[in-house]
2 protein chains.
Amino acid sequence: MNIKKKTTIKDIANVLNISAAAVSKALHNDSRISDKTKKAVRQVAENLNYQPNHLASALRSGKSKLVGVIVPRTNSNFFSSVIQNIEEVLNKEGYNIIITQSNESFKKECNSIDTLLFTQVDGIIASMANETVDLSYYEKVKSKGIPLILFDRGENDLNVDYIGIDDYNSSQIIVEHLVAQGCKRIAHIGGYKRTRIFNNRIRGYIDALKKHNLPLDSELLTESGLTIEDGRTKMKQLLALKNRPDAVYVAGDYAALGALQVLNEENITIPNEIALVGFGNEPFTDMVSPRISSINQHSAEIGKQAANTFLNHVKKDVVNQKLNKIILDATLVIRDSSSIK
Amino acid sequence: MNIKKKTTIKDIANVLNISAAAVSKALHNDSRISDKTKKAVRQVAENLNYQPNHLASALRSGKSKLVGVIVPRTNSNFFSSVIQNIEEVLNKEGYNIIITQSNESFKKECNSIDTLLFTQVDGIIASMANETVDLSYYEKVKSKGIPLILFDRGENDLNVDYIGIDDYNSSQIIVEHLVAQGCKRIAHIGGYKRTRIFNNRIRGYIDALKKHNLPLDSELLTESGLTIEDGRTKMKQLLALKNRPDAVYVAGDYAALGALQVLNEENITIPNEIALVGFGNEPFTDMVSPRISSINQHSAEIGKQAANTFLNHVKKDVVNQKLNKIILDATLVIRDSSSIK
């Protein structure tokens, strides 16, 4: 591969024996330049394979028409569906998106923010990493006046736009459903309490148990990173209890899959011995045997609302604009894993 | 949200009553500036919330320490695993990556390339969209002297580095396996022939049939975009044939899943009535019932090699450097869907 020297405006000017300023004006279709000169400039620019420096132009205008999206990971149907919908809405308005992933790491999330600021994005739409507690990097985005919209995993303290589902109420819906199936000892394989959405799910679970006069047993409530492996480990721990649960509500589908694997390996009848409910409605919940009941998080709607919130920021006067906090109602998709006949 | 005016080097200079050039030198740790002045500059920079303009510095140095990755879609385990491995290798060397997706659209792929060039990436690692035939956008990357590495879906005509698996041989392995199971009428739900990898799989399939003296029946060979829906449609077409196949080799796991759904719905015994093999070893192939045999494309290895190929470009003198063409051997993971007892 040969590195060719980049053609500059000066090179074009030299060929035509005019000033660099005139070439620049011609390329920007300035009315002070004759059509004849413009045509000549464009012809030479093409011959010399001139590539206008969009970066320099972004520096001048302060607008890149790029929006950065930060997700914990891309290999989750929820996040990729949100991305898809953000992209569809923004593409129509002439924006392109660039994606970075944090892999649930705080350090990588900070890197992602720096990278996006470096590329001069006009806005950032993000869902926070599991690890993130320190909000200073997000504060940096805010302090630069760049629209910041959080979805799914947000943080009240940041005081920015947020789109998500009602996690607290989702837990209530799940417990309600399991109680209706006759379950009396409901366990919760939860996420880390420090992450707001998982904290809300845990609170919803606890309050729903109280509401139905079910005892809250601390050995039935666990926290983890909700990977497949976490689901396996936590399910094994629950099975090792003297007094096993008759239902398990898992705060993420990947961990629910791990739990299902263990139940199948141990030949435990689902849902009659132990009922199972997941969270996220990942496509595989409908493929496995038995199929897993799960909460639909309305990823398409979240993506669209996030994109539209960004567009409102750039269209309107952003000073003193009210925050957009959208909490969508989740729905429970009931499948074999929790339908006791 | 309030947009604050950005602090410039001039603002710092004004506070300290020194020149902007001196501030710039101090911030770049220039030895011509005293430690006392450096300390004062840093203090004022911090007080005024000064953010160095990385973009301007990238313009000067021509190095952004960013690598762009273009994939057809992120919600595929193969692509997200490749991305993961590219990222791990490059992060260690101080590079960050930004991801764009083409959604299999040529127009979106062109947009992605423009976006990445705009953000001044130091290199591009890409897997081409299904639709792409016109290579001019990739030629543009080459002509700018930016390292371009293709993986999985590449194109010989582009003459760039490439990392992928041996698609031709993968088909041979699959047909060989199915013949060993006693299958005699093997269908192929293939991808579009215009995409090199799918063309190679089709060629491998045809040659393997010949090798085993099996008749090549044109009604058993189809092309599609290999979505779940495509798999469903093509499987239904195969079932409608007077002379049905006894095995189906699908060139992608998502389409294989669609085919499996139809076979299950029609109560066709897998693998005894019809054996099924997919391609890609997506995690769900191991979750469905029956579990689907599939080709492992070694995504981790592909990601690592792609990243290392890029690093070699930036480390070495790139003029007249030899191209890196890496073709990995794929392996067939044999599961229930093709194990005839």
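Note that the coordinates shown come from a computational prediction; the quantities given were computed from them, not determined experimentally. Just so you know, the residues in each chain are numbered from 1, in the order the chain's sequence is written. Lettering of chains starts at A and numbering of ligands starts at 1, both following the order in which they are written. In keeping with the model being predicted, local features are shown solely for residues with a pLDDT of at least 70 and side-chain atom pairs are shown and tallied solely at 80 or more, while totals for entire chains, interfaces and linings include all residues. No hydrogens and no water enter the side-chain calculation; it runs on all heavy atoms of the structure.

**Considering the overall build of chain A**
A helix here means a DSSP run of H or I that spans at least four residues, while a strand means a run of E at least two residues long, and both kinds are numbered starting from the N terminus. From N to C terminus, chain A includes 12 helices and 12 strands. In this setup the radius of gyration rests on C-alpha atoms only. A globule is expected at 2.2 Å times the number of residues raised to 0.38. Whereas a compact globule of 341 residues would reach a radius of gyration of roughly 20 Å, chain A reaches 26 Å, over 25% beyond that. Overall size of chain A, expressed as C-alpha extent along the three principal axes, is 90 × 50 × 30 Å. Put simply, chain A has 341 residues, and 54% of those count as buried. Whether two residues are in contact is decided by their heavy atoms: any pair within 4.5 Å suffices. In chain A, 73% of the contacts between residues at least 6 apart in sequence involve partners at least 24 apart. For chain A, the exposed area adds up to about 14800 Å²; of that, 47% sits on carbon and sulfur atoms. For the purpose of counting charges, residues Lys and Arg are taken to be positive, whereas Asp and Glu are taken to be negative. His and the chain ends are not included. Where a charge lies is defined by one atom per residue type, namely NZ (Lys), CZ (Arg), CG (Asp) and CD (Glu). Distance from the positive charge centre (43 side chains) to the negative charge centre (38 side chains) of chain A: 8 Å. Throughout this description, buried means an accessible area under 20% of the type-specific maximum (1.4 Å probe, protein chains only), exposed means over 50%, and partly exposed covers the range between. Per-residue accessibility takes into account occlusion by the displayed protein chains alone, with areas from the Shrake-Rupley method and a 1.4 Å probe.

**Observations concerning the environment of Lys10(A)**
All names here are of chain A. Take Lys-10: it is sitting in helix H1 (residues 9–16). Residue classification places Lys-10 among the exposed positions, given a relative accessible area of 55%. Spatially, the C-alpha atom of Lys-10 lies 72 Å from that of Ala-208, the residues being 198 residues apart in sequence.

**A word on the domain arrangement of chain A**
Domain start and stop points were drawn from an automatic or database domain assignment. Each assigned domain of chain A is listed here: domain 1 (9–52), domain 2 (65–165 + 299–328) and domain 3 (167–297 + 332–338). Taken over C-alpha atoms, the centre of domain 1 of chain A sits 40 Å from the centre of domain 2 of chain A.

**Description of the environment of Ala251(A)**
Within the secondary structure, Ala251(A) is located in the loop between strand S8 (247–250) and helix H11 (253–265). Between the alpha carbons of Ala251(A) and Val277(A) there is a distance of 8.5 Å; along the sequence they are 26 residues apart.

**Comments concerning helix H9 (residues 196–211) of chain B**
Residues and elements named next belong to chain B. Given the number of residues in a helix, its expected span is that number minus one, multiplied by 1.5 Å. Compared with the 22 Å implied by 1.5 Å per residue over 16 residues, the 22 Å span of H9 between its first and last C-alpha is a close match. Taken together, the buried positions of H9 are Arg-196, Ile-197, Phe-198, Asn-200, Arg-201, Ile-202, Gly-204, Tyr-205, Ile-206, Ala-208 and Leu-209. The inward-facing, buried residues of H9 contact strand S5 (161–165), helix H8 (167–180), strand S6 (186–190), strand S7 (221–223), strand S8 (247–250) and strand S9 (275–279). Downstream of H9 by a residue or two, Asn-213 has a phi angle that is positive, lying close to 55 degrees.

**Regarding the sheet that holds S7(B)**
Residues and elements named next belong to chain B. Pairing between strands is defined by DSSP: at least two bridges between the two strands are required. Spatial ordering of the open sheet is given by S7-S6-S8-S9-S10-S12, a layout of six strands whose pairing is mixed. In this open sheet, the two edge strands, each paired with only one partner strand, are S7 and strand S12 (331–333). Strand-to-strand, the axes of this sheet are offset by a mean angle of 20 degrees, without reference to chain direction. Pairing analysis gives four bridges linking S6 to S8, with the strands arranged parallel. Bridging from a neighbouring strand, His-188 pairs with Tyr-249 of S8. As a rule, the C-alpha atoms of each element are fitted with a line to give its axis, helices using only the stretch in contact, and angles between N-to-C directions run from 0 to 180 degrees. Set on the sheet, H8 makes contact with S6, S8, S9, strand S10 (293–296) and S12; between it and S9 the angle comes to about 165 degrees. The sheet contacts of H9 involve S6, S7, S8 and S9, and relative to S6 the element is tilted by about 170 degrees.

**So, the sheet that holds S8(A)**
All names here are of chain A. With mixed pairing, six strands are arranged side by side in an open sheet as S7-S6-S8-S9-S10-S12. The outermost strands of the open sheet, each flanked by one partner alone, are strand S7 (221–223) and strand S12 (331–333). The mean inter-strand angle of the sheet, taken between neighbouring strand axes irrespective of direction, is 20 degrees. Taken together, the three bridges between strand S9 (residues 275–279) and strand S10 (residues 293–296) define a ladder with parallel strand orientation. In the sheet register, Val-277 faces S10, and the bridge partner there is Ser-293. Contacts from helix H8 (residues 167–180) reach strand S6 (186–190), S8, S9, S10 and S12, with the element oriented near 165 degrees to S9. Set on the sheet, helix H9 (residues 196–211) makes contact with S6, S7, S8 and S9; between it and S6 the angle comes to about 170 degrees.

**Some points on the confidence of the model for chain A**
pLDDT measures how confident the predictor is about each residue, on a scale from 0 to 100. Per-chain confidence: chain A averages 89 in pLDDT, with 93% of residues scoring 70 or above. Predicted complex, confidence summary: ipTM 0.73, pTM 0.76.

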